[in-house]
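# Breakdown of the fold
Given next are the chains, with one letter for each unit.
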Amino acid sequence: MDTLVIQGGAILGGELDISGAKNAVLPILVASILADSTVTLTNIPHLRDVTTSIELLATMGAGITVDEKLALEIDPTTVNLFEVPYELVKTMRASILVLGPLLARHGEARVSLPGGCAIGSRPVNIHLDGLRAMGADIKVEKGFIVATANRLKGAHIFMDMVTVTGTENLMMAAALAQGVTILENAAREPEVSDLAHFLNAMGAQIEGIGTSTLRITGVERLNGVAYRVIPDRIEAGTYLAAAALTQGDVTLRQVDPGHLEAVLLKFEEAGALIDTGHDWIRLDMRNRLLKPVNIVTMPYPAFPTDMQAQFLVMNTLAKGVSHVKETIFENRFMHVPELVRMGANITIDGNVAMTQGVSKLIGTSVMATDLRASASLILAGLVAEGETVINRVYHIDRGYERVEEKFHRMGANIQRLAT
Ligand code: EPU
């Protein structure tokens with residue numbers, strides 16, 4: 001298992017290109033099985049979750065090729081296996097996203113039920129209830145979701161909670177259903193909208209994109225299309241946090257500042273100077289001191305849970321007290337004990353982390369537990385005194401493309417050791 005070794009203290013800066021968004025690519029990849037001809041995708045990040053999704057599509061029978069410009073071509077016409085084994089769902093919960101497309105296009109699906117995961121129990125009841133409302137017959141047998149349907153029918157669905165993959169699953173199913181589906185309390189994350197734009201490019205009829213009510217008029221067929229995936233707002237936010245923590249000055253390119261409004265406001269509150277253009281963001285923290293910021297994680301457009309751990313690290317070194325409240329996942333503070341081992345002063349009370357800023361963090365050996373927690377430990381290592389060794393880095397490879405190379409380009413002293 002690889003480790004990352006970081007010598008803290010470098011000031012990070014320069015220019016960096018942001019990759020395609022993991023959480024947009026995953027649903028778009030599986031949505032390609034709805035089409036009846038080849039789909040060509042660009043801006044696909046090289047990530048472990050993307051490789052897993054491609055493996056999943058290939059297992060189901062899809063033809064996959066990568067052309068000379070690194071565009072990914074998916075031929076869905078040969079899909080003939082409608083099953084996703086536990087081994088795949090276990091490594092990537094987003095595998096549940098094949099349920100809607102398989103049911104809509106092929107009328108059957110057998111997908112392993114995802115168990116709990118490091119950040120919480122993460123049930124899928126809203127996905128299943130929505131598909132049932134559209135006429136699917138769904139049973140849970142021996143840990144598998146076994147679903148069948150003739151042709152799904154449009155339905156008026158009110159989702160109890162805002163769920164990103166739940167909204168995506170139902171939107172994909174509704175695209176080929178008979179009649180109109182209305183999804184109320186839909187997630188508005190940019191990745192959900194990107195999927196909707198992709199489906200519309202294939203011939204779907206989705207209205208209300210970017211709002212909490214989606215109106216989907218089912219069509220008979222969807223055609224293959226060429227599509228470029230949006231930039232990764234969380235990757236961008238993570239590199240901005242690195243510059244903020246190290247009093248650096250960074251300009252990110254190939255990014256959409258409109259997707260990061262709540263996050264950029266919090267960077268300004270933390271003392272950073274922010275400047276943006278159509279597809280770039282500059283954060284300048286030179287000669288400026290970090291200020292503590294209070295955060296409540298909420299569905300988009302509010303502050304994202306996927307940036308919570310990174311801001312918590314910033315708070316550990318900001319003078320004063322701050323409160324970070326996690327409302328999306330019940331167990332998303334696993335980075336806290338590791339940060340405390342590095343000298344942070346954080347106490348957890350229920351879903352609130354209270355931080356009293358300290359003057360420094362000290363490098364040590366720490367353990368990554370999930371994707372964003374791993375990112376926060378890298379950030380802590382960049383600013384800590386001495387050496388930080390991060391174990392179980394495979395978590396970070398799920399969601400950050402060439403992570404050590406990108407940090408290195410910003411000036412970090414970081415290397416990967418294969419063990
Ligand atoms: N929920 C239910 N029932 C459901 C579905 C969700 O109770 O049927 C609950 C969840 O347990 C959670 C809340 O609703 O408490 C919101 O979860 P959501 O369904 O929105 O999360 P998700 O779709 O499983 C996606 C991202 C996550 C991101 C969350 C929140 C993908 C592949 N994953 O997960 O990304 O944190 O939305 O924005 O899109 C990450 O990239 O590190 C990551 C975890």
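Figured I'd write up the structure that's included with this text. (Residues numbered from 1 in each chain as written. Predicted model: local features only at pLDDT ≥ 70, side-chain atom pairs only at ≥ 80, totals over all residues. Heavy atoms only, no water.)

## Points about the overall build of the protein
Spelled out, the test is: Strands are runs of DSSP state E lasting at least 2 residues, helices are runs of H or I lasting at least 4, and numbering of each runs from the N terminus. For the radius of gyration, the atoms used are the C-alpha atoms, and the globule rule reads 2.2 Å times the number of residues raised to 0.38. Three labels apply to residues, based on accessible area from a 1.4 Å probe with only protein chains included: buried if under 20% of the type maximum, exposed if over 50%, partly exposed otherwise in between. To be clear on the numbers: accessible area is Shrake-Rupley with a 1.4 Å probe, and residue cover counts the displayed protein chains and nothing else.
Helices and strands together make up the secondary structure of the protein, namely 14 helices and 24 strands. In terms of C-alpha radius of gyration, the protein reaches 21 Å, essentially the compact-globule figure of 22 Å for 419 residues. Reported as C-alpha extents along the three principal axes, the dimensions of the protein are approximately 65 × 50 × 40 Å. Per-residue burial over the protein gives 55% buried out of 419 residues. Working note: accessible area of the protein is about 16300 Å², and carbon and sulfur atoms make up 51% of it.

## What about the sheet that holds strand β1 (residues 3–7)?
The criterion, for reference: Note on pairing: two strands pair once DSSP finds at least 2 bridges between them. In this analysis, axes come from line fits to C-alpha atoms, helices being fitted only over the stretch in contact, and the angle between any two N-to-C directions falls in the range 0 to 180 degrees. In what follows, residue pairs with any heavy atoms lying within 4.5 Å of each other are defined as contacts.
Pairing within the open sheet is mixed, and its four strands lie in the order β22-β23-β1-β24. Strand pairing shows two members of the sheet lacking a second neighbour, β22 (365–367) and β24 (413–417), which therefore form its edges. The sheet shows a mean angle of 20° between the axes of neighbouring strands, taken without regard to direction. Note that β1 and β24 share five bridges and pair antiparallel. Across the sheet, residue Val-5 finds its bridge partner in β24, namely Gln-415. Packed on one face of the sheet, helix α12 (residues 371–383) meets β1, β22, β23 (387–391) and β24 and runs near 30° to β1.

## Side note on the environment of Asp-279
Within the secondary structure, Asp-279 is located in the loop between β16 (273–276) and β17 (280–284). Taking the relative accessible area as the measure of exposure, Asp-279 reaches 36% and is therefore partly exposed. On a C-alpha basis, the gap between Asp-279 and Ile-44 in space is 18 Å, while along the polypeptide they are 235 residues apart. Ignoring sequence-local partners within four residues, the contact set of Asp-279 consists of Leu-252, Arg-253, Gln-254, Val-255 and Pro-257.

## Considerations on unusual backbone geometry
Apart from glycine, the bulk of residues carry a negative phi angle, and the bulk of peptide bonds sit in the trans form. Residue Pro-301 is reached from Tyr-300 by a cis peptide bond, and omega for that bond is 10°. Structurally, Pro-301 can be placed in the loop between β18 (295–296) and α10 (308–316). Phi is positive for Gln-247, close to 55°, though the residue is something other than glycine. With respect to the helices and strands, the residue Gln-247 is situated in the loop between α8 (233–245) and β15 (249–253). For Gln-254, which is not glycine, the phi torsion reads 55° and is therefore positive.

## Some thoughts on the site of the ligand
Going by this rule: Here a residue is considered near a molecule or strand provided that any single heavy atom belonging to it is located within 4 Å of it. Within 3.5 Å is the distance limit for a polar contact, defined as a pair of N or O atoms, with the added protein rule that one can donate a hydrogen and the other accept it, and that residues adjacent in sequence qualify only through two side-chain atoms.
Looking at the ligand, there are 21 residues lining it, with Asn-125, Thr-163, Thr-165, Asp-306 and Ile-328 nearest. Between the ligand and Ile-126 there is a distance of 2.8 Å, counted from an oxygen atom to a backbone nitrogen or oxygen. At 2.6 Å from an oxygen atom of the ligand is found a main-chain nitrogen or oxygen belonging to Ile-328. When the ligand sits alone it has 830 Å² of accessible area, and the protein chains cover 89% of it.

## Quick word on helix α4 (residues 99–106)
Counting buried residues in α4 gives six out of eight residues, a clear majority hidden from the surface. Considered for burial, the residues of α4 that qualify are Leu-99, Gly-100, Pro-101, Leu-102, Leu-103 and Ala-104. Contacts made by the buried residues of α4 are with α1 (22–31), β7 (108–112), α5 (125–133), β9 (144–148) and α6 (164–175).

## Let's talk about the pairing of β17
Pairing of β15 with β17 involves five bridges; the strand directions are antiparallel. Among the inter-strand pairings, Thr-251 is bridged to a residue of β17, identified as Arg-282. Judged from the four bridges that link them, β16 and β17 form a sheet pairing that is antiparallel. Directly across from Leu-273, in β17, lies its bridge partner Asp-284. The antiparallel hairpin formed by β16 and β17 contains three residues in its connecting segment.

## Here we look at the nonpolar core
One broad rule of soluble globular proteins: the nonpolar side chains tend to lie buried together. Cut-off, in case you're wondering: We call a set of buried residues a nonpolar core when its members are Ala, Val, Leu, Ile, Met, Phe, Trp, Tyr or Cys and they connect through side-chain atoms within 4.5 Å of each other.
In this structure, Leu-34, Leu-99, Leu-152, Met-171, Phe-198, Leu-199 and Met-202 are the most contacted members of the largest nonpolar core, which totals 78 residues. Ranked by residues supplied to this core, first place goes to α1 with seven residues. Apart from residues lying up to four places away in sequence, Leu-152 is in contact with Leu-103, Ala-104, Leu-131, Met-134, Ala-136, Ala-173, Ala-177 and Gln-178. Ala-236, Val-255, Ile-274 and Ile-390 belong to the second largest nonpolar core, which has 66 residues in total.

## Quick look at the side chain of Thr-388
Its place among the elements puts Thr-388 in strand β23. Sequence-distant contacts of Thr-388, defined by excluding residues within four places in its chain, comprise Leu-4, Val-5, Ile-6, Met-342, Gly-363, Thr-364, Val-366 and Gly-381.

## Let's talk about the sheet that holds strand β4 (residues 63–66)
Taken together, the four strands give an open sheet; going across it, the order is β4-β5-β3-β14, and neighbouring strands pair in mixed fashion. Every interior strand has two partners, whereas the edge strands, β4 and β14 (226–228), have only one. Each strand axis lies, on average, 20° off the axis of its neighbour in the sheet, ignoring direction. Bridge analysis of strand β3 (residues 39–42) against β14 gives three bridges, and the strand direction is parallel. Bridging across to β14, Thr-42 finds its partner in Arg-228.

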